[in-house]
Amino acid sequence: MKLHLPVISVYTVPTDAPEADGTLAWNATTVVIAEVTAGDVTGTGWTYGPVAVGDFLRDHLAALVEGRGALDIPAAHDAMCRAVRNAGRPGIAACAISALDIALWDLKARILELPLARLLGACRERVPVYGSGGFTTYQDTHLAAQLNGWVHGQHIPRVKIKIGEDWGRAVERDVARVQAAREVIGAGAELYVDANGAYTRKQAVRVGQALTEYGVGWFEEPVSSDDLTGLRLVRDTVPCDVAAGEYGYDLPYFARMIAAGAVDCLQIDATRCGGLTEFLRAAALAQAHGLDVSAHCAPHAHAAASAALPNLRHVEWFHDHVRIEDMFFAGVLDPTGGTIAPTQGLGHGLTLRAEEVEQYRVA
């Protein structure tokens, strides 16, 4: 079966409240969706990024896959990666490749009439998730309500909040919010923090040591993920695990981070790194070096492939993306109990609600 020209659509959805982390603030999220068809079967993939990702897909990548064999994903993936040499792969190009690659994997599983997790080969029936949000713009009552919903409502036993407010200029409030989070979730739930690279090296060490009192077990991007020496310093100094990797746009990025000894757990984002093709390769690279991996954001894009990973720690159940994926797709997963089961249905199991979300379409 041969691939038809992919169809690209772009949507922008306002957030349900003002949101910010340590280094960025936003009030809307844009999702770029790629649909690719062979015969009468369609696969769907997506990424989160600017409208320019959709333009790049239409102008530079869509024609590259048209006419190729629908089952030969490595050939299509390689062609896309080669084609962006002069444009530069990191950023917009990588996100575009990712959306189309995810669509191709969904399509292949549907053609073969299999759940994607079965096509890839599952090593677990249920995939652990952690609730993720806790934006620095949230007041204490909002933060408490969100954490309560995950831990005591849905019984998700691990959660993450943002710290590093205003590029690390509000450390006292950061620590106070962590203390408040611990009080809400109780002693039995795991508590994670994400500074989004807001701190300097020694500042991150001091904050990491202060977080020990509240049982924080995961310190994400304590310094910039480009500062591999700084990540290693923090990793070697604080008791909690250090995590990074969400800005990996190709396999060499992950190789450098691993070689530097920068993380205890490698984060991988299939909607950025080159789709599920590169997601699986990066996870295998991490496993070869004795590291766990965690899927970053876009939980439904990662669910099936995560079930195939023996070294998976968990999938990020990120507030913004969970909300959008629930709005945009039928067939979303239920995280109650702290796990999801992505082994049902065909492909990744989701169906785009095109008519219902047309109001958000911008391209």
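Residues numbered from 1 in each chain as written. Predicted model: local features only at pLDDT ≥ 70, side-chain atom pairs only at ≥ 80, totals over all residues. Heavy atoms only, no water.

**Student:** What am I meant to see in the overall build of the chain here?
**Tutor:** For the chain, the helix and strand inventory stands at 14 helices and 14 strands. Its C-alpha atoms give the chain a radius of gyration of 20 Å, within 12% of the compact-globule value 21 Å for 363 residues. The C-alpha extent of the chain, read off along each of the three principal axes, is 60 × 40 × 40 Å. Burial analysis of the chain (363 residues in total) assigns 58% to the buried set. (Helix = DSSP H or I, 4+ residues; strand = E, 2+ residues; numbered from the N terminus. Rg over C-alpha atoms; globule rule 2.2 N^0.38 Å. Buried < 20%, exposed > 50% of the residue type's maximum accessible area, 1.4 Å probe, protein only.)

**Student:** Would you mind showing me how to read the sheet that holds strand β2 (residues 25-38) here?
**Tutor:** An order of β1-β2-β3 is seen for the 3 strands of this open sheet, with the pairing classed as antiparallel. Only two strands of the sheet have a single neighbouring strand rather than two, namely β1 (7-20) and β3 (41-48). Strand-to-strand twist in this sheet, taken as the mean axis angle between neighbours without regard to direction, amounts to 25°. Bridging between β2 and β3 involves 8 bridges; their strand directions are antiparallel. Bridging from a neighbouring strand, Ile33 pairs with Trp46 of β3. (Pairing = 2+ DSSP bridges. Axes fitted to C-alpha atoms, helices over the stretch in contact; angles between N-to-C directions.)

**Student:** Explanation requested: the nonpolar core in the structure shown.
**Tutor:** Within the largest apolar cluster, 117 residues are counted, with the highest numbers of intra-cluster contacts made by Ile163, Phe219 and Phe328. Considering each element in turn, this core owes the most residues, 14 residues, to helix α3 (residues 92-111). In terms of nonpolar packing, the next biggest core, distinct from the first, is built from 5 residues, Tyr192, Trp218, Ala243 and Cys265 among them. (Core = buried A, V, L, I, M, F, W, Y, C linked by side-chain atoms within 4.5 Å.)

**Student:** I would appreciate a short explanation of the packing of aromatic side chains in the present structure.
**Tutor:** Within a pair of aromatic rings, the relevant descriptors are the distance that separates the centres and the angle that separates the planes. Counted by the stated rule, this structure contains 11 aromatic pairs. On the numbers, 6.1 Å between centres and 50° between planes, the contact of Tyr130 with Trp218 is tilted. One end of the pair, Tyr130, is in strand β4 (residues 127-132); the other, Trp218, is in strand β7 (residues 216-220), with 88 residues separating them in the sequence. Looking at Tyr130, the relative accessible area reads 0%, which means it is buried. Overall, Trp218 belongs to the buried group, its relative accessible area being 0%. Ring geometry for Phe135 and Phe318: centres 6.0 Å apart, planes at 80°, overall edge-to-face. Remark: Phe318 occurs in strand β11 (residues 312-318) and Phe135 occurs in the loop between β4 and α5 (140-153); sequence separation between them is 183 residues. (Phe/Tyr/Trp six-rings, centres within 6.5 Å; stacked < 30°, edge-to-face > 60°.)

**Student:** Where do I start with the pattern of salt bridges in this structure?
**Tutor:** Note on pairing: side chains with opposite charge can pair once their charged atoms come close. Taken as a whole and assessed by the stated rule, the structure comprises 19 salt bridges. Two residues, Lys160 and Asp194, come together in a salt bridge whose shortest N-O distance is 3.8 Å. Pair noted here: Lys160 is in strand β5 (residues 158-162) and Asp194 is in strand β6 (residues 190-194), with a separation of 34 residues, a long-range link. Accessibility classification places Lys160 together with Asp194 in one group, the buried group. In this structure, Glu246 and Arg272 form a salt bridge, with 3.7 Å as the shortest nitrogen-oxygen distance. Of this pair, Glu246 sits in the loop between β8 (241-244) and α10 (251-259) while Arg272 sits in helix α11 (residues 270-273); the two residues are 26 residues apart in sequence, bridging distant segments of the chain. For the residue pair Glu246 and Arg272, the accessibility class agrees, reading buried in each case. (Salt bridge = Lys/Arg side-chain N within 4 Å of Asp/Glu carboxyl O.)

**Student:** In this structure, what is going on with a nonpolar patch on the surface? I would like to understand it.
**Tutor:** A contiguous nonpolar surface patch, about 220 Å² in accessible area, is contributed by Leu71, Leu112 and Leu114. Considering the arrangement of structural elements, one finds Leu114 in the loop between α3 and α4 (116-120). (Patch = residues over 30% accessible without salt bridge, like charges linked within 9 Å, V, L, I, M, F, W, Y side chains within 5 Å. Areas by Shrake-Rupley, 256 points an atom, 1.4 Å probe, with all protein chains shown as cover.)

**Student:** Would you mind going over the packing of helix α2 (residues 73-83) against α3 with me for this structure?
**Tutor:** A pair of packed helices can be characterised by two numbers: the angle between their axes and the separation between those axes. Relative to each other, α2 and α3 sit at 170°, their axes nearing to 10 Å. In terms of orientation, α2 and α3 fall into the roughly antiparallel class. Across the interface between the two elements, Ile73, Ala76, His77, Met80 and Cys81 from α2 touch Ile97, Leu100, Asp101, Leu104, Trp105 and Lys108 from α3. Here the contact of α2 with α3 is built from residues that sort into 8 nonpolar, 1 polar and 2 charged. (Parallel < 35°, antiparallel > 145°, perpendicular 65-115°, else oblique. Contact = heavy atoms within 4.5 Å. Nonpolar A, V, L, I, M, F, W, Y, C, P; charged D, E, K, R; others polar.)

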